[in-house]
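Each chain, written out:
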Amino acid sequence: MKALQIRRSAGKFGLARVASAVAPATSARIGPLEYRTIDDPECPGDGWHRVQTRLAGICGSDLSLVEGHASTYFDDYVSFPFVPGHEVVGELDDGTRVAIEPVLGHEARGFAPPFEGASPGDGDDYAHLATGRLEPGIQTGFCCSTGGGWAPWFWAHETQLHRLDDAMPDERAVLIEPIAGGVHAALLAAPTIADVADPIVAVLGAGTMGLAAIAGLKRYLPNAHVIVGARYPHQIALATALGADEVVQASKLDRAVRRAAGCHIIGGVLSSGAHVTIDAVGNSGSITDALRITRPRGRVVLLGMPAEVRVDLTGLWHRETELKGAYTYGTETLPDGSTARTFDLAIDTANHYEAERLLSATYRLDDHVDALAHAAEAGRRGAVKIAFDLRGDT
């Protein structure tokens, strides 16, 4: 079948990294991603289903790979050559539509789950991600054994499938995975604000993940006063529509938080600030900003995926700030003490907010250069989520 595939090539990763600084389309054209004929992946075993891709989103982590910026941390957690694509709505051979929970968890790899009823992302030992009956791969879309969503079809384990109601359109369902990431980040704010009368949560960045975090905050922590720093007019409009209490230009977020907290600004750092800041950008500048607007003994939730960053951590030490990573999803504990799978909460959230409003454009696989360029420049071009549309290709 014809699919988009990434092969290990130090030279192409280097060329893509250089080209991305000039033109995203060039990095997509000369980098490690190729549209080519590939061998069909073999079925990994019992409990696996063939999934025909309908829509598959382009994530920031995908762009990072295509542009040669991905961290070497993941070198032992992926297996080349692989077909990217982990934000997927697809169809089983019997016609059932499904959303994919992409983490290749314990059961997919032939191990017992860490506890009864665990989600694929649960557990505190990641050895299974590089062992078991599959080649290494943290998720569908990074593993050569399973294939990925940027192909007409791939393999998914029963534990990864979320069957969809007929009422949910594909354009909404393809947003479930990124919304799950945002809901997970939002709920990581809950312990810090549990006993706070008027909690302030700042969100830095209003691309797909920032908007997903806003939706999660307003859906599951409705007492939080959510202040958002956004860069582009369409992001401000969407953050407001999702219920953010205050949305300002990103450069004015510190002043908005200062007003809400009633604190001082001392040398560029707030004397108090937000109880929790969700950094949905994930670079040196955004982490620095998040640390300086979060109050002493508050929490910074790092939702945006960083690579190597340069940050002065003196303030983190002085203010006893907690820096918390927010990679993915699993089993959540809600403020009332009940538990739920993040993906079930994300499906509820996607339906509540009619998340298809975040899908800006779709492309065919053979238009991947234009699609990736659009995704890389989404904010500047007034877009949010870009996806591949493979309906009718199988």
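Residues numbered from 1 in each chain as written. Predicted model: local features only at pLDDT ≥ 70, side-chain atom pairs only at ≥ 80, totals over all residues. Heavy atoms only, no water.

Undergrad: How would you summarise the UniProt feature "domain: Alcohol dehydrogenase-like N-terminal" (unreviewed entry) in the protein chain if you had to cite specific residues and measurements?
TA: Following the UniProt record, one finds the feature "domain: Alcohol dehydrogenase-like N-terminal" (unreviewed entry) at residues 45–164. Taken end to end, residues 45–164 is 6% helix and 22% strand, and its first and last C-alpha atoms sit 24 Å apart. (UniProt positions renumbered as here; feature names shortened; annotations may be inferred. Helix = DSSP H or I, 4+ residues; strand = E, 2+ residues; numbered from the N terminus.)

Undergrad: Report on the domain arrangement of the protein chain, specifying residues and quantitative values.
TA: Partitioning the protein chain into domains gives domain 1 (2–164 + 364–389) and domain 2 (180–337). Each of domain 1 and domain 2 was reduced to a C-alpha centroid, and the two centroids are 28 Å apart. Contacts between the two partners involve 21 residues from domain 1, matched on the other side by 13 residues from domain 2. At the boundary of domain 1 with domain 2, total buried surface from both sides reaches about 1200 Å², with 60% on carbon and sulfur atoms. Summed over the shared surface of domain 1 and domain 2, the number is zero salt bridges. (Domains from an automatic or database assignment. Contact = heavy atoms within 4.5 Å. Buried area = accessible area lost by both parts, 1.4 Å probe. Salt bridge = Lys/Arg side-chain N within 4 Å of Asp/Glu carboxyl O.)

Undergrad: Residue-level account of the pairing of strand 18 (residues 359–363), with values.
TA: In the sheet, strand 18 pairs with strand 19 (residues 385–389) via four bridges, with the strands oriented parallel. Residue Tyr363 lies in a different strand from strand 19, and its bridge partner there is Phe388. The β-α-β motif built from strand 18, the intervening helix 13 (residues 368–376) and the parallel element strand 19 has right-handed crossover chirality. (Pairing = 2+ DSSP bridges. Right-handed = clockwise from strand over helix to strand, strands pointing away.)

Undergrad: Tell me about the packing of aromatic side chains, and please be specific about residues and values.
TA: Tallied over the entire structure, the rule returns eight aromatic pairs. Feature note: the residues Phe13, Phe80, Phe82 and Phe142 constitute an aromatic cluster, connected by ring pairs. The ring of Trp153 has Arg50 lying over it, and the distance from NZ or CZ to the ring centre is 4.9 Å. (Phe/Tyr/Trp six-rings, centres within 6.5 Å; stacked < 30°, edge-to-face > 60°. Lys NZ or Arg CZ within 6 Å of the ring centre and 35° of its normal.)

Undergrad: Any details on the UniProt feature "domain: Alcohol dehydrogenase-like C-terminal" (unreviewed entry) in the protein chain? Residues and values, ideally.
TA: UniProt records the feature "domain: Alcohol dehydrogenase-like C-terminal" (unreviewed entry) at residues 209–335, using the numbering of this structure. Between the end C-alpha atoms of residues 209–335 there is a gap of 22 Å, over a span that is 36% helix and 28% strand.

Undergrad: Which residues make up the pattern of salt bridges, and what are the values?
TA: By the definition in use, this model includes 23 salt bridges. Put simply, Glu356 and Arg172 hold a salt bridge, and the shortest N to O gap is 2.7 Å. Taken together, the residues span a long stretch of sequence, with Glu356 in the loop between helix 12 (342–353) and strand 18 and Arg172 in helix 4 (residues 170–173) at a distance of 184 residues. Residue classification places Arg172 among the buried residues on the basis of a relative accessible area of 11%. Residue Lys218 pairs with Asp245 through a salt bridge whose shortest N-O separation is 3.0 Å. On the criterion of sequence distance, the pair formed by Lys218 in helix 7 (residues 208–220) and Asp245 in the loop between helix 8 (233–241) and strand 10 (246–249) is long-range, its members being 27 residues apart. Because the salt bridges share partners, they merge into one network encompassing Arg54, Glu91, Arg97, Asp170, Glu171, Arg364, Asp389 and Arg391. (Buried < 20%, exposed > 50% of the residue type's maximum accessible area, 1.4 Å probe, protein only.)

Undergrad: Describe the nonpolar core, naming the residues involved and giving the relevant values.
TA: Considering soluble globular proteins, one finds that nonpolar side chains tend to be buried as a cluster. Counting residues in hydrophobic clusters, the biggest one holds 60 residues, and the most contacted among them are Ile176, Ile179, Leu211, Ile214, Leu217, Val228 and Ile278. If you list the elements that add at least two residues to this core, you get helix 5 (176–187), helix 6 (190–193), strand 8 (200–204), helix 7, strand 9 (225–230), helix 8, strand 13 (274–279) and helix 12. Each of domain 1 (2–164 + 364–389) and domain 2 (180–337) gives at least three residues to this core. Those residues in contact with Ile278 that lie beyond four places of it in its chain are Ala185, Ala186, Val201, Ala202, Val203, Leu204, Ala213, Leu217, Val301 and Leu303. (Core = buried A, V, L, I, M, F, W, Y, C linked by side-chain atoms within 4.5 Å.)

Undergrad: Tell me what's going on with the state of the cysteines, and back it up with residues and numbers.
TA: One covalent bond between the sulfur atoms of two cysteine residues makes up a disulfide. All told, the structure shown has zero disulfides when counted by the stated rule. Of all cysteine sulfurs, the one in Cys143 lies closest to Cys144, which takes part in no disulfide; the gap is 5.5 Å. (Disulfide = S-S within 2.5 Å.)

Undergrad: Give me unusual backbone geometry: which residues, what numbers.
TA: Excluding glycine, a negative phi dihedral is what most residues carry, and trans is how most peptide bonds are arranged. Cis geometry is found at the peptide bond from Phe80 to Pro81, where omega equals -15°. In this structure, Pro81 sits in the loop between helix 3 (60–66) and strand 4 (88–92). Its identity as a non-glycine residue notwithstanding, Glu320 has a phi of 55°, on the positive side. Within the secondary structure, Glu320 is located in the loop between helix 11 (314–319) and strand 15 (322–325).

Undergrad: Account for helix 5, with residues named and values stated.
TA: The end-to-end C-alpha distance of helix 5 is 16 Å, a good match for the 16 Å that twelve residues give at a rise of 1.5 Å each. The element helix 5 is largely enclosed, with a buried count of twelve among its twelve residues. All of the buried residues in helix 5 are Ile176, Glu177, Pro178, Ile179, Ala180, Gly181, Gly182, Val183, His184, Ala185, Ala186 and Leu187. (Expected span 1.5 Å × (residues − 1).)

Undergrad: Go over the sheet that holds strand 10, please, and point to the residues and values.
TA: Judged by pairing direction, the sheet is parallel, and its six strands sit side by side in the order 10-9-8-13-14-15 without closing on themselves. Strands at the two margins of the open sheet, each flanked by one partner only, are strand 10 and strand 15. When the angles between neighbouring strand axes are averaged without regard to direction, this sheet yields 20°. Across four bridges, strand 8 lies against strand 13 in parallel orientation. Bridging from a neighbouring strand, Val203 pairs with Ile278 of strand 13. The strands touched by helix 7 are strand 8, strand 9 and strand 13; relative to strand 8, the strand with the most contacts, the crossing angle is about 160°. (Axes fitted to C-alpha atoms, helices over the stretch in contact; angles between N-to-C directions.)

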